Amino acid sequence: RLPPDVRAPDFSLSDQDGKPVSMRELRGRPVIVTFLYTHCEETCPGQAQQIKGALNDLGEDVPALAISVEPPRDTPASARRFLAKQGMSGRIRFVLGSQEELRPLWRAYAVQPQLSGAEHQARLLIVDKRGFQRVSFPLDRTTPDDITHDLRILRAE
């Protein structure tokens, strides 16, 4: 659980299909937020699969966002390839932008982006219907069941 009243940052950027995406448009529903890069071969596929498992267990999709942590290499084409390879096309929207556009999101979510000498933080979180960050999961301490459990609670609130 996260401290109460930590608002998820609003933003207006584009997804892998060039469509606008913002946190404000998703209010009224819980949202899964994670931080991925498209050329990752270790942690990012695992994160995508955790979300896929949770959505499958839930029996319906809820909004899910993957915020880029390597903007120079994360392009619309590479994001579409990554999502297709993970079987997540149409289930996760990959939030893309420049380093300057994404930096405020990384700060607000307390996430280190991908750096040449350091791996980004592998975690995901759930934002509630009102737009507050509620639960954060490090990748090595979560399962699809954990995510599904918390999504059900937040949907009922």
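Shown above is the structure to which this text applies.
Residues numbered from 1 in each chain as written. Predicted model: local features only at pLDDT ≥ 70, side-chain atom pairs only at ≥ 80, totals over all residues. Heavy atoms only, no water.

Moving on: the state of the cysteines. In this structure the tally under the stated criterion is zero disulfides. Free of any disulfide, Cys 44 has its nearest cysteine sulfur in Cys 40, 3.1 Å distant. (Disulfide = S-S within 2.5 Å.)

Taken as a whole and assessed by the stated rule, the structure comprises two aromatic pairs. Seen from their ring centres, Phe 82 and Phe 94 are 6.1 Å apart, and the 90 degrees between their planes marks the pair as edge-to-face. In this pair, Phe 82 is assigned in helix H2 (residues 76-85) and Phe 94 in strand S5 (residues 93-95), connecting sequence segments 12 residues apart. In this structure, Phe 82 and Phe 94 share a single accessibility class: buried. The ring centre of Phe 132 lies 4.1 Å from the NZ or CZ of Arg 7, which sits over that ring. (Phe/Tyr/Trp six-rings, centres within 6.5 Å; stacked < 30°, edge-to-face > 60°. Helix = DSSP H or I, 4+ residues; strand = E, 2+ residues; numbered from the N terminus. Buried < 20%, exposed > 50% of the residue type's maximum accessible area, 1.4 Å probe, protein only. Lys NZ or Arg CZ within 6 Å of the ring centre and 35° of its normal.)

Think of an α-helix as 3.6 residues a turn; residues three or four steps apart then line up on the same face. For helix H1 (residues 43-58), which comprises 16 residues, the first-to-last C-alpha distance of 23 Å matches the rise-based estimate of 22 Å (1.5 Å per residue) to within 8%. Within the span of H1, buried status applies to Cys 44, Pro 45, Gln 47, Ala 48, Gln 50, Ile 51, Gly 53, Ala 54, Leu 55 and Leu 58. Residues of H1 that are buried sit in contact with strand S3 (31-36), strand S4 (64-68), H2, strand S6 (123-127) and helix H4 (144-156). Just past H1, the residue Gly 59 takes up positive phi, approximately 85 degrees. (Expected span 1.5 Å × (residues − 1). Contact = heavy atoms within 4.5 Å.)

Turning next to the pattern of salt bridges. Under the counting rule described, the total for this entry stands at nine salt bridges. Salt-bridge contacts for Arg 91 lead to Asp 61; the nearest nitrogen and oxygen are separated by 2.9 Å. Taken together, the residues span a long stretch of sequence, with Arg 91 in the loop between H2 and S5 and Asp 61 in the loop between H1 and S4 at a distance of 30 residues. For Arg 91, a relative accessible area of 18% gives the class buried. Classification of Asp 61 as partly exposed rests on a relative accessible area of 38%. Among the salt bridges present, the one from Glu 70 reaches Arg 73, with a minimum N-O distance of 3.8 Å. (Salt bridge = Lys/Arg side-chain N within 4 Å of Asp/Glu carboxyl O.)

Looking now at the environment of Ala 79. Position of Ala 79 among the secondary structure elements: in helix H2. As for Ala 79 and Thr 43, which are separated by 36 residues in sequence, their C-alpha atoms are 15 Å apart. Excluding its chain neighbours within four sequence positions, the residues that come into contact with Ala 79 are Gln 16, Thr 38, Phe 94 and Leu 96.

Quick look at H2 now. Looking at H2, one finds that the buried residues are Ser 78, Ala 79, Phe 82 and Leu 83. The buried residues of H2 occupy one face: seen down the axis, they fall within an arc of 135 degrees. The exposed residues of H2 that point more than 90 degrees off its buried face are Arg 81 and Lys 85. Tucked inside the fold, the buried residues of H2 contact S3, H1 and S5. Once H2 ends, the next one or two residues include Gly 87, with phi positive near 70 degrees. (Arc of directions from axis to C-beta.)

Between H1 and H4, whose axes approach to 8 Å, the crossing angle comes to 55 degrees. Considering their axes alone, H1 and H4 lie oblique with respect to each other. Between H1 and H4 lies a crossing of right-handed hand. Residue-level contacts link Gln 50, Gly 53, Ala 54, Asp 57 and Leu 58 of H1 to Pro 144, Asp 145, Ile 147, Thr 148, Leu 151, Arg 152 and Arg 155 of H4. (Axes fitted to C-alpha atoms, helices over the stretch in contact; angles between N-to-C directions. Parallel < 35°, antiparallel > 145°, perpendicular 65-115°, else oblique. Left-handed = near helix turned anticlockwise from the far one by under 90°.)

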